Amino acid sequence: MKGEKNKNKVKVSAQDRTVEIICYIFFCVAAFLCVYPFYYIIINTISANDISARGDIIFLPKSIHFHNYTSAFQISGLLQAFNISLLRTVIGTSLTVFASAFLGFMFTQEKMWLRKFWYRLVVATMYFNAGIIPWYLVMKSMHLTNNFMGYILPAIVSPFNLILTKTFVESVPKELQEAAEIDGASVLTVFFKVIIPVIKPIMATVAIFSAVSQWNAFQDTLLLMTNTKLYPLQFVLYQYLNQASSLASLAQSGTSTASLAAAAATAQTTTSVRMTITVIVVLPIMLVYPIFQKYFVKGIMIGAVKG
Amino acid sequence: MSKKKIYSIKLFLLVLPFIILVLTFCYYPLYGWMYAFFDYRPPKTLSQCQFVGFKWFESLVSSQVKIDQIIQVLKNTFAMSGLTLGTSWLPMIFAVFLNEIRSVKFRKFVQTVTTLPNFVSWVMVYSIAFSLFNSTGMMNSLLLKTGIIDTPILFLQSTKHVWFTQWLWLTWKNLGWAAIMYIAAISSIDDELIQAARVDGASRMQIVKHITIPSLLPTYFVLLVLNVANFLNNGMEQYYVFQNAFNKDYIQVLDLYVYNMAMGSGGYPVSVAVSMLKSLVSVILLIIVNKSSKLIRGESIL
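Residues numbered from 1 in each chain as written. Chains lettered and ligands numbered in written order. Predicted model: local features only at pLDDT ≥ 70, side-chain atom pairs only at ≥ 80, totals over all residues.

Let's talk about the overall build of chain A
Within chain A, the regular secondary structure consists of 15 helices and zero strands. Looking at chain A residue by residue over its 307 residues, the buried ones come to 36%. Sequence-distant contacts in chain A: of pairs separated by 6 or more residues, those separated by 24 or more amount to 76%. (Helix = DSSP H or I, 4+ residues; strand = E, 2+ residues; numbered from the N terminus. Buried ≥ 20, exposed ≤ 12 C-beta atoms within 10 Å, placed from the backbone. Contact = placed C-beta atoms within 7 Å.)

If you want it as structure tokens, here you go:
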């Protein structure tokens, strides 16, 4: 075996070498393109705001300070938005995880009345939707507009997560449940005492997918909420971006001079606030992601086999 | 009722609350398609409104201005989906060549880093784009400093290459993540096959060409078919956050058009009519690709 390996090494041709070098260069560039934007924003938030506003911070931070972060939460509405984001992520995720685990288990119970029909009814929703306006009108008729529950209720049952958990439950030996039932356990006892302990890995996967989508959600706020108290971080950031870009286009059209000078002076804080919020929103994902990467990968694998 | 029947109903009752949620939020909105046939004005209820038949559908093509607008929207949709479809092999190639990297650490690093953008929302992507490409952003200050340009370029307000830049952002966000599936598929290729080819003196490019890529094609085909079925569904979030007064004409895809129309002049009924037509075409596409996949590969995707 060892001899064979050496023989392979000898046989590395010039062409193979070039291929490898090109690959290394390509992937270095790809990795750079994915990391640098985040890095750029972070170094700009910890550099002096006036240098940063001139666009002079490109590769290294200058005169480092953390004032942007300490003052960020004094901006009116930002702490509220952070709380809303956190609340919808925590509540939404726990409900989705529970619902996916429970339904994933229940839909393996062959004795259920019309089991296949109900399962297909749920999974079919992955392939169609009525459109945003009919959805909005339904939400409105149920008083879920300007209501925190509008973030939670529609997200509880997710067909994709259901498929993930059901596939996982199917791989659990049937004997486990049968043994518990002989001992007199009811379906619910089986679920809580026998199934949950063994399906924890897939529950973690679902939790992460669901948490990311709740944390990142934007469109439902856009459609449902006009009450600023219910805006999550994503939406508040979008508003800041919009103000900043309208400021920028105002400056470009170059109509008056005095008001524009004032706008340029305030633009500095818009820039730093915008970037600081961006970091605050991205950071949880960047910190959590590398730790949980294997769960993401597991999720997409099971999804791929099934989907 | 027998004991068995009671038990089977009991099991059903346990999932009933969740079924009700699905019916309410996914099936009940379909009833909202009715709005496309009524002269609906918001404070009224549907029963108080007048039935107008296909009036709203006809109004979509009632004047030259409207026809031009619809054609532009369709062009945008087809261009963006076409670009995505035409480059759908990129993740596969990405995975194949990542597999050629010998250092496991470097491979893992690249994989982790390139999947990160997928977990960042479109608002974040726009915020990043704005930070890098606005008039005082990294790109402009670099170009100004090196003297390539002397006035900042407004990249985000540009009306040129909108389709292409949107495709670039989409690719930046998705490429690494889409490659994961292929990376996993590569690791399941029989190692003996590759060893045998090596013994026969195959170069690495030959192995890639004759073993790795052919074994990935089934996965690629399934994903391609799903992409075709989703041809009209670009989603609106990406285009909504990137749209502004300047690039609006080139960025408005069907999904965004439906939203803009409902919020703007068109009102609810017309936009419901458009999204209804879109859904019908999507379902037909899905059925066609599913049937053809059955015919060609003897396997349906649904």
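Thoughts on the interface of chain A and chain B
The interface is formed by 75 residues belonging to chain A together with 74 residues belonging to chain B. Looking at the side of chain A that touches chain B, the elements with two or more residues in it are helix H2 (14–45), helix H5 (78–106), helix H6 (115–123), helix H7 (132–141), helix H12 (200–216), helix H14 (233–253) and helix H15 (258–306) of chain A. Looking at the side of chain A that touches chain B residue by residue, the classes come out as 54 nonpolar, 15 polar and six charged. (Nonpolar A, V, L, I, M, F, W, Y, C, P; charged D, E, K, R; others polar.)

A short note on the nonpolar core
Val236(A), Leu237(A) and Tyr126(B) are the most contacted members of the largest nonpolar core, which has 112 residues in total. With ten residues, the single largest contributor to this core is H5(A). The two domains that each donate at least three residues to this core are domain 1 (2–74 + 243–288) and domain 2 (78–231) of chain A. Beyond its immediate stretch of four places on either side in the chain, Val236(A) contacts Gly77(A), Leu78(A), Ala81(A), Tyr231(A) and Ile277(A). Formed by 14 residues, the second largest nonpolar core is a distinct cluster that contains Phe27(A), Met92(B), Val96(B) and Leu98(B). (Core = buried A, V, L, I, M, F, W, Y, C linked by C-beta atoms within 7 Å. Domains from an automatic or database assignment.)

Thoughts on the domain arrangement of chain A
All names here are of chain A. Each assigned domain of chain A is listed with its residue range as follows: domain 1 (2–74 + 243–288) and domain 2 (78–231). Taken together, the contact pairs four residues of domain 1 with four residues of domain 2. Partitioning the side of domain 1 that touches domain 2 into residue classes produces four nonpolar, no polar and no charged.

Side note on the environment of Phe168(A)
Tracing the backbone through its elements, the reader meets Phe168(A) in helix H9 (residues 159–170). Sequence spacing of Phe168(A) and Ile202(A) is 34 residues, and the spatial spacing of their C-alpha atoms is 7.0 Å.

Examining H6(A)
Every buried residue belonging to H6(A) is among Trp118(A), Tyr119(A) and Val122(A), and all of these are buried. Viewed end-on, H6(A) has its buried residues packed into an arc of 100°, placing them on one side of the element. Exposed positions of H6(A) whose direction lies more than 90 degrees from the buried face are Lys116(A), Phe117(A) and Arg120(A). Buried residues in H6(A) make contact with H9 of chain A together with helix H1 (3–27) of chain B. (Arc of directions from axis to C-beta.)

Some remarks on helix H6 (residues 122–133) of chain B
All names here are of chain B. Spanning twelve residues, H6 covers 16 Å between terminal C-alpha atoms, matching the ideal 16 Å at 1.5 Å per step. Within H6, ten of the twelve residues are buried, which leaves the element mostly enclosed by the surrounding structure. Inspection of H6 places Trp122, Val123, Met124, Val125, Tyr126, Ser127, Ile128, Ala129, Phe130 and Ser131 among the buried residues, and these make up the whole buried set. (Expected span 1.5 Å × (residues − 1).)

Topic: the environment of Lys294(B)
Residues and elements named next belong to chain B. Here Lys294 lies in helix H14 (residues 268–297). Residue classification places Lys294 among the partly exposed positions, given that 13 C-beta atoms sit within 10 Å. As a C-alpha pair, Lys294 and Asp150 span 144 residues in sequence and 58 Å in three-dimensional space.

Quick look at the packing of helix H5 (residues 104–115) of chain B against helix H8 (residues 162–187) of chain B
All names here are of chain B. Axis separation between H5 and H8 bottoms out at 7 Å; the angle between their running directions is 135°. Overall, the two elements H5 and H8 adopt an arrangement that is oblique. Judged by the twist between their axes, the crossing of H5 over H8 is left-handed. Residues Gln111, Thr114 and Thr115 of H5 lie in contact with H8, whose contacting residues are Leu175, Gly176, Trp177, Ile180 and Ile183. Counted by class, the contact of H5 with H8 contains four nonpolar, four polar and no charged residues. (Axes fitted to C-alpha atoms, helices over the stretch in contact; angles between N-to-C directions. Parallel < 35°, antiparallel > 145°, perpendicular 65-115°, else oblique. Left-handed = near helix turned anticlockwise from the far one by under 90°.)

A look at the confidence of the model for chain B
Residues and elements named next belong to chain B. On average, chain B scores 86 in pLDDT, and the residues at 70 or more come to 97%. No element of chain B has a lower mean pLDDT than helix H2 (residues 55–59), which averages 80, and none a higher one than H1, which averages 93. For this predicted complex, the interface score ipTM comes out at 0.85, alongside a pTM of 0.85. (pLDDT = per-residue confidence, 0-100.)

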